[in-house]
Amino acid sequence: MRHKKGRKIKPGIKYCGGCNPKYDRADVVKKMQHVLKDKVDFGSLEDEEISGILVVVGCETACVDASRFKKIPIWVITQPGDAEKFICDMK
Amino acid sequence: MPMMTSQQYEDSLRKLNLVVYMFGERIKNVVDNPIIRPSMNAVALTYELAHRPEYEDIMTATSHVTGKKINRFTHIHQNNGDLVKKSKMGRLIGAQTGCCFQRCVGMDALNALSINTYNIDAKYCTKYHERFIDYLKYVQENDLTCDGAMTDPKGDRSLPPHKQSDPDMFMHVVEEKKKGIIVRGAKVHQTGAVNSHEIIVMPTISMREADRDFAISFALPSDTEGIIYIMGRQSCDTRKMEGPGNIDQGNTLYGGHEAMVIFDNVFVPWERVFMYKEYDFAGELVEQFASYHRQSYACKVGVGDVLIGATQAIAKYNGVEMASHVRDKIIEMNHLNETLYCGCIACASEGHKEASGTYAVDTLLANVHKQNVTRFPFEIARLAQDIAGGLMVTLPSQKDYDCPEIGKWMDKYFRGNAEYPTEERMRILRLIENMTLGTAAVGYLTESMHGAGSPQAQRIMIARQVNLDEKEKLAKKLCGIKKEEK
Ligand SMILES: Cc1cc2nc3c(=O)[nH]c(=O)nc-3n(C[C@H](O)[C@H](O)[C@H](O)COP(=O)(O)OP(=O)(O)OC[C@H]3O[C@@H](n4cnc5c(N)ncnc54)[C@H](O)[C@@H]3O)c2cc1C
Ligand code: SF4
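Residues numbered from 1 in each chain as written. Chains lettered and ligands numbered in written order. Predicted model: local features only at pLDDT ≥ 70, side-chain atom pairs only at ≥ 80, totals over all residues. Heavy atoms only, no water.

### Considering a nonpolar patch on the surface
Residues and elements named next belong to chain B.
Moving on, step 1. The grouping of Tyr21, Ile230 and Met260 at the surface amounts to a nonpolar patch, some 230 Å² of accessible area in total.
Moving on, step 2. Counting through the fold element by element, Ile230 comes out in strand E10 (residues 227–231).
Moving on, step 3. A residue is classified by how much of its surface remains accessible, and Ile230, at 36% relative accessible area, is partly exposed. (Patch = residues over 30% accessible without salt bridge, like charges linked within 9 Å, V, L, I, M, F, W, Y side chains within 5 Å. Areas by Shrake-Rupley, 256 points an atom, 1.4 Å probe, with all protein chains shown as cover. Salt bridge = Lys/Arg side-chain N within 4 Å of Asp/Glu carboxyl O. Helix = DSSP H or I, 4+ residues; strand = E, 2+ residues; numbered from the N terminus. Buried < 20%, exposed > 50% of the residue type's maximum accessible area, 1.4 Å probe, protein only.)

Here it is, written out as structure tokens:
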């Protein structure tokens, strides 16, 4: 899913609970925010104008229920590699 | 205030007027006492994490009574997903603190009472469940920490409450008044007692009619008149007085505590009474609470994560991390720890709905899990000590390390792999000492043994829950035995 030219995409971040994460989720998000600061406007789920959901989970179990967000795009980050792919897609 | 911040929690404790004794003296400022403070920090983390987006999915829930977002520690489980999240929360906070964070006991008491009050009402047309729901709303709205107080001193273990030479060995009602009851007795080994806003009292064993005066359950503010706390000692506890960040403390941030709690003729208003002489429900409440609390020992998995991490670090500092037996021992530690995790996830996933609507864990699996907890942390601790080496118990103090005349010798001779500073090696050794025989061993080892019931209590439950006849039938069918037993 690519963003439309000239408009910053605004995903809301939803973390899993982080019971036993295999990588540092907050750190990975920080890196994404830094690299994509000109392209992506990261928000929270409470923000009204989000255009997608970035689900950041600590392992493949991915125990976050994102079913209520059917109408907007969902990106799932399960490992740092997924974050790199997201960065490439957004660039 | 549906969810307090950690600062608001700390401030709320300062407003309590608790009667706390330690080392023969009344403690006036409980919150800032250096021995108690680390345990307060651990409870405070349960508030802090609930406000952090990267943990809120586990740490918070939606109240089934108010519809508001609440801290999971005040939640009544509404489905198996809630039960699974509870197990995950235990591992998460155990790993963040490396110790007992104290808040689960109250959560387990609330959930057990939500089932038990409903069932008593169904049999006796009483109004306990309504009272309980009012109480629950109060706890949720104010985001309170509750002490779950089950264990009585019990006196002679071979005698029931009414046959004890001193009736105060089990909490009992001594007077009935128009507006409530007067109770007397004590609760021992109370986890997090002086970090709690409320104390929820439950009977400690199944009871018969002769014990009806002992079959009581109620909740009170922790600073109610007549309640006295006497802090339990922990091995190496006074090291916490040697200054913040002290190496010898091992865990420089967090800790747990237990206290004995005396009820010296304490008044309980009727609206806070949840069981009154319904002796036939005492056993059910004990079993419900025990099953939930046996699940709660998911915390030991998180604490195990820290001990495994410390062992891996000391293996590097000692220069043995590549040795095959060391690697194998660390794999074994992980195997044991993850086996524990399997149990607490399994009993939650196989949960079921009770008549009250509350979800309860699978009793058999919760007991199997806790039985494993009485063993595996001891083996994990043994392996940690094996890899750490003897220095974890012979290391001189930080004061010696800081002393200009002798510190240099410690720095020289206690260095392992030259890539790492001596101080790091000392800190990790002290952490392993703390968790396997210092203050945190109370929670990681002896509490694993006795907390939520001694090993035999689980074996009794396992014996009751397994269907041996069915297993026998399966075996007989396969080997061609056709005759049914009479
Ligand atoms: C660190 C820690 C924290 C705890 N936190 C809490 C808490 O927050 N709230 C709470 O309510 N409780 C708490 N407990 C109490 C815990 O539930 C009890 O320790 C446990 O139930 C065992 O009781 P006990 O310590 O009196 O030991 P005992 O009951 O004396 O048991 C010692 C041994 O005697 C055996 N035994 C006991 N009675 C009999 C009998 N009648 N017949 C045959 N054998 C018997 C037991 O199986 C065991 O092997 C905590 C305990 C610990 C150690
Ligand atoms: S020992 Fe574990 S389950 Fe018990 S109160 Fe402490 S953290 Fe909770």
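### A closer look at the state of the cysteines
All names here are of chain A.
Moving on, step 1. In this structure the tally under the stated criterion is zero disulfides over all chains.
Moving on, step 2. Just so you know, Cys16 is unpaired, no disulfide at all, and the nearest cysteine sulfur is the one on Cys63, 5.7 Å from it.
Moving on, step 3. For Cys16, a relative accessible area of 5% puts it in the buried group. (Disulfide = S-S within 2.5 Å.)

### Describing the site of ligand 1
All names here are of chain B.
Moving on, step 1. Around ligand 1, the surrounding shell holds 18 residues, and the nearest of these are Met150, Thr151, Arg157, His189 and Thr191.
Moving on, step 2. Contact between ligand 1 and His189: a nitrogen atom at 2.8 Å from a main-chain N or O atom of the residue.
Moving on, step 3. At the level of secondary structure, the elements contributing two or more residues to the shell around ligand 1 comprise strand E5 (146–149), strand E7 (180–191) and helix H16 (441–450).
Moving on, step 4. Looking at the shell around ligand 1 residue by residue, the class counts come to five nonpolar, nine polar and four charged.
Moving on, step 5. Counting contributing residues per domain, the shell around ligand 1 is built from domain 1 (7–278) and domain 2 (295–468), each supplying no fewer than three. (Near = heavy atom within 4 Å. Polar contact = N/O pair within 3.5 Å; in protein donor to acceptor, adjacent residues only side chain to side chain. Nonpolar A, V, L, I, M, F, W, Y, C, P; charged D, E, K, R; others polar. Domains from an automatic or database assignment.)

### Regarding the pairing of strand E9 (residues 216–221) of chain B
Residue and element names in this part refer to chain B.
Moving on, step 1. The buried fraction of E9 amounts to five of the six residues, a majority that puts the element mostly inside the structure.
Moving on, step 2. Note that E9 and strand E12 (residues 273–276) share three bridges and pair antiparallel. Bridge pairing in E12 places Ser217 opposite Met275. (Pairing = 2+ DSSP bridges.)

### Section: the interface of chain B and chain A
Moving on, step 1. The interface of chain B with chain A comprises 12 residues on the first partner and 12 residues on the second.
Moving on, step 2. A buried area of about 950 Å², summed over both sides, lies between chain B and chain A, and 51% of it is on carbon and sulfur atoms.
Moving on, step 3. Of all residues in chain B, the largest losses of buried area upon contact with chain A belong to Glu54, Asp57 and Lys88 of chain B, amounting jointly to 51% of the total for that side.
Moving on, step 4. At the surface where chain B touches chain A, the tally comes to one salt bridge. (Contact = heavy atoms within 4.5 Å. Buried area = accessible area lost by both parts, 1.4 Å probe.)

### Here we look at the sheet that holds E5 of chain B
All names here are of chain B.
Moving on, step 1. Pairing in this open sheet of four strands is mixed, and the strands run E5-E8-E9-E12 from one edge to the other. Here the strands that pair on one side only, and so sit at the sheet edges, are E5 and E12. Shown here is a sheet whose adjacent strand axes are inclined to one another by a mean of 15°, direction ignored. (Axes fitted to C-alpha atoms, helices over the stretch in contact; angles between N-to-C directions.)

### Quick notes on the pairing of E5 of chain B
Residue and element names in this part refer to chain B.
Moving on, step 1. Residues Cys146 and Gly148 of E5 are buried on one face, and the alternating residues Asp147 and Ala149, pointing to the opposite face, are buried as well.
Moving on, step 2. By the bridge criterion, four bridges tie E5 to strand E8 (residues 198–201) in an arrangement that is parallel. Bridge pairing links Cys146 to Glu198 in E8.

### Overview of the site of ligand 2
All names here are of chain B.
Moving on, step 1. With respect to spatial proximity, the complete set of residues near ligand 2 consists of Cys100, Phe101, Gln102, Cys104, Val105, Thr191, His293, Ser296, Tyr297, Cys299, Lys300 and Glu447.
Moving on, step 2. Elements with a minimum of two residues in the shell around ligand 2: helix H5 (104–124), helix H7 (282–296) and helix H8 (299–318).
Moving on, step 3. For the shell around ligand 2, the residue count by class is six nonpolar, four polar and two charged.
Moving on, step 4. Taken domain by domain, the shell around ligand 2 gets at least three of its residues from each of domain 1 (7–278) and domain 2 (295–468).

### What about unusual backbone geometry?
All names here are of chain B.
Moving on, step 1. Positive phi, normally seen in glycine, also occurs at His189, with a value near 60°.
Moving on, step 2. With respect to the helices and strands, the residue His189 is situated in strand E7.
Moving on, step 3. In the Ramachandran plot, Cys236 falls in the positive-phi region, its phi being about 70° despite a non-glycine side chain.
Moving on, step 4. With respect to the secondary-structure elements, Cys236 resides in the loop between E10 and strand E11 (258–269).
Moving on, step 5. With a relative accessible area of 27%, Cys236 lands in the partly exposed category.

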